Amino acid sequence: MSLTSKFLKGEIDPDEYVSKTFDLIKKKDSGIKAFITLRKEEEVLQEVKERRNQGGKLAGVLLAVKDNISTAGIRTTCASKMLEDYVPPYNATVINKVLKEGAVIIGKTNMDEFAMGSTTETSYFGPTRNPWDLERTPGGSSGGSAASIAAGYVSLALGSDTGGSIRAPASFNGAYGLKPSYGTVSRFGLVAYANSLEQIGPIAGNSEYLSMLFSIIAGEDPRDATTISYSAEDKPTVIPLKGLRVGVISNIMESSDKEIVSIIRNITNKMSDEGAVVEETELKNVELALPSYYVIAMSEASSNLARFDGVRYGFSKYNEGNWKETFSKNRGEGFGLEVKRRILLGSFILSAGYYDQYYIRALKARNLIKKNMDSLFSKYDVLISPTMPVLPPKIGEVIDDPVKMYAIDLNTVLANLTAIPAISLPVGFASRLPVGMQIMGRYLSDTFLLGISRFIEQLTGLHDLIA
């Protein structure tokens, strides 16, 4: 049983809860490096006691927060030299919501720089390592949040998902992660990477905590025009599988490692035994998903990161010469290699003469993929695939090969391109490493997916796997 579970059940008091958590971090995090900024133990303990008395769904519960989500008074770096010393004067909407329910932020977690990466190796502060195997990556870009759960520090964390950045690390770390339907969670206070694709979402040690955290952060926000009116149940009904129409996406399964496919098929067979109608299906034009995703994401990133010029925002070491020289020197030193690569590619894509050739065609491909997904959802209630096609790569294995790194996002970018919800939940082990299964549903079926995940969690017996 996790420390959070013991605390919520009253089995340990605030002093023991906080001291054991910090002892664990002191013991393990020099090797894992889940946190960029860890708050002082005495400050955290005082807040836990205050919030415990305050009440709420998360009364006194410790929460880890990805370092691209604004936290008033707590450094928010986006894992970049560009924002190394930035302390926001305001909270993101999701932070105000969790604080209202009594949560206590223990610290800000490591990530790929500006959320650009799939392994948490592009961080200016160095890579996070997977607690299951310190030679491997935890996935990205929300690797620190998932690793903080896998290491047992916390049971709830916030991440952001642009093309799988919640689900990939959830899968690699044996955690539960939800990429919500686009618009159900406010992005106000999230340092933007790709506005049309990204969502803040929960990562947790079990499906119950995942549902509770999502119910807190979901809902319309007047400060974010993309949000919609949406309320989620904090304890969704466990949905039996009898009669559930399940489509297993065969052409995604084919591109995944055999041992991962074997685990997924074992679970779908169990789902069939429980009365689900499981069928193999194929997603047309799936080969367009990755190129269209990266064209759109890099284009939006290029636009969003233009504000970090060393004059208005960010790293500002150089202030001599003309504006162009100052701008170039500050950005050249402030941004890491992967961020520079995506800015350059995005600027090229949006330049005169190439906009129609690349960006407009990517939007058309996105629309085609959405139509094909809608067609499948007319036949099936949910679509299933491996969350990730491979096991966690070793540190250094893919970071120097961008194409190889981008390719591991194949299974997850579909949900971001089409705005639908998708959950990753642990369903087994391969080579003693956790394997996640992805469940995608129709737009705004988030609570429905959470109910299904609670049943599958019982089916696999992987509840509080990480404790």
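Note: the structure precedes this text.
Residues numbered from 1 in each chain as written. Predicted model: local features only at pLDDT ≥ 70, side-chain atom pairs only at ≥ 80, totals over all residues. Heavy atoms only, no water.

Draft legend 1. Region of the structure containing the overall build of the chain. Regarding its fold elements, the chain presents 16 helices and 11 strands. Relative to the compact-globule value of 23 Å for 467 residues, the chain shows a C-alpha radius of gyration of 21 Å, a close match. Counting only C-alpha atoms, the chain reaches 70 × 60 × 45 Å along its principal axes. Residues counted as buried form 62% of the 467 residues belonging to the chain. By sequence separation, contacts in the chain at least 24 residues apart represent 74% of the contacts at least 6 residues apart. Entry remark: accessible area of the chain is about 17200 Å², with carbon and sulfur atoms responsible for 50%. Taken as two groups, the 52 positive and 53 negative side-chain charges of the chain have centres that lie 2 Å from each other. (Helix = DSSP H or I, 4+ residues; strand = E, 2+ residues; numbered from the N terminus. Rg over C-alpha atoms; globule rule 2.2 N^0.38 Å. Buried < 20%, exposed > 50% of the residue type's maximum accessible area, 1.4 Å probe, protein only. Contact = heavy atoms within 4.5 Å. Areas by Shrake-Rupley, 256 points an atom, 1.4 Å probe, with all protein chains shown as cover. Lys, Arg positive; Asp, Glu negative; His and termini not counted. Charge placed at Lys NZ, Arg CZ, Asp CG, Glu CD.)

Draft legend 2. Structural detail: the pairing of strand β9 (residues 382-386). Counted residue by residue, β9 has five buried out of five residues, so it is predominantly covered. Relative to β9, strand β7 (residues 245-249) runs parallel, the two being bridged by three bridges. The residue bridging Gly247 from the neighbouring strand is Leu383, located in β9. Pairing between β9 and strand β11 (residues 433-441): five bridges, direction antiparallel. Bridge assignment links Val382 to a residue of β11, and that residue is Gly441. (Pairing = 2+ DSSP bridges.)

Draft legend 3. Summary view of the sheet that holds strand β10 (residues 422-430). Taken together, the 11 strands give an open sheet; going across it, the order is β1-β3-β2-β4-β6-β5-β10-β11-β9-β7-β8, and neighbouring strands pair in mixed fashion. One side of each edge strand has no neighbouring strand; the edge strands of this open sheet are β1 (35-38) and β8 (277-281). Across the sheet, the mean angle separating the axes of adjacent strands is 30 degrees when strand polarity is ignored. Each of β7, β8, β9, β10 and β11 is contacted by helix α9 (residues 258-273), which is oriented at about 110 degrees to β10, the strand it contacts most. Packed on one face of the sheet, helix α13 (residues 355-377) meets β8, β9 and β11 and runs near 115 degrees to β9. (Axes fitted to C-alpha atoms, helices over the stretch in contact; angles between N-to-C directions.)

Draft legend 4. How the structure looks around the layout of surface pockets. Roughly 350 Å³ of internal volume is contained in the largest pocket. As for the largest pocket, its lining consists of 16 residues, and the residues nearest its centre are Tyr90, Leu190, Val191, Ala192 and Arg307. Taken together, the residues of the lining of the largest pocket sort by class into nine nonpolar, four polar and three charged. (1 Å grid on protein atoms, 1.4 Å probe; cavity = no way out; pocket = protein on both sides within 12 Å on 5 of 7 lines; lining within 4 Å. Points joined across faces, edges and corners; volume = space filled by probe spheres on them. Nonpolar A, V, L, I, M, F, W, Y, C, P; charged D, E, K, R; others polar.)

Draft legend 5. Quick peek at the environment of Glu43. You can see Glu43 is positioned in helix α3 (residues 41-54). Judged by relative accessible area, which is 37%, Glu43 ranks as partly exposed.

Draft legend 6. Highlighting unusual backbone geometry. Going from Gly140 to Ser141, the amide bond is cis rather than trans, its omega being 10 degrees. Summarising the element assignment, Ser141 is placed in the loop between β3 (104-109) and α5 (143-150). Unusually for a residue other than glycine, Ala79 sits at a positive phi of about 55 degrees. Here Ala79 lies in the loop between β2 (62-66) and α4 (93-100). For Ala79, a relative accessible area of 0% translates into the label buried.

Draft legend 7. Here's a closer look at the pairing of β3. Taking burial as the measure, the six residues of β3 include six buried ones, the bulk of the element. Two strands pair when backbone bridges link them, and β1 and β3 are joined in this way by three bridges, in the antiparallel orientation. Looking at β3, one finds that Thr37 is bridged to Lys108. In the sheet, β2 pairs with β3 via five bridges, with the strands oriented parallel. Looking at the pairing, Leu63 lines up with Ile105 of β3. Of the crossover connections in this fold, the one passing from β2 over α4 to the parallel β3 is right-handed. (Right-handed = clockwise from strand over helix to strand, strands pointing away.)

Draft legend 8. Main features of α3. The terminal C-alpha atoms of α3 lie 20 Å apart, and with 14 residues this matches the ideal 20 Å at 1.5 Å per residue to within 8%. In the core, the buried residues of α3 are packed alongside α1 (3-8), α2 (14-32), β2, α4 and β3. Trailing α3 by a residue or two, Gly55 shows a phi angle of about 90 degrees, which is positive. (Expected span 1.5 Å × (residues − 1).)

Draft legend 9. Spotlight on the nonpolar core. Counting 86 residues, the largest nonpolar core has Ile69, Val94, Leu158, Phe214, Met271, Met437 and Ile439 as the members making the most contacts within it. The element best represented in this core is helix α7 (residues 207-217), accounting for seven residues. Beyond its immediate chain neighbours, meaning those up to four positions away, Met271 contacts Leu241, Leu244, Val246, Ala276, Val278, Ile384, Met437, Ile456 and Leu459. By size, the runner-up hydrophobic cluster in this structure holds 52 residues, among which are Ile296, Ile349, Val398 and Tyr406. (Core = buried A, V, L, I, M, F, W, Y, C linked by side-chain atoms within 4.5 Å.)

Draft legend 10. A look at the side chain of Thr281. With respect to the helices, strands and loops of the structure, Thr281 is situated in strand β8. When neighbours within four sequence positions are excluded, Thr281 is seen to be in contact with Gly247, Val248, Ile249, Ser250, Asn251, Leu376, Tyr380 and Leu383.

Draft legend 11. Representation of the pattern of salt bridges within the structure. Inspection of every chain in the model, using the stated rule, returns 20 salt bridges. One salt bridge in this structure joins Glu338 and Arg342, with 2.7 Å as the shortest N-O distance. Here the residue Glu338 and the residue Arg342 both occupy positions in helix α12 (residues 337-350), the gap between them amounting to four residues, near one helical turn. A residue is classified by how much of its surface remains accessible, and Glu338, at 6% relative accessible area, is buried. Owing to a relative accessible area of 2%, Arg342 belongs among the buried residues under this scheme. (Salt bridge = Lys/Arg side-chain N within 4 Å of Asp/Glu carboxyl O.)

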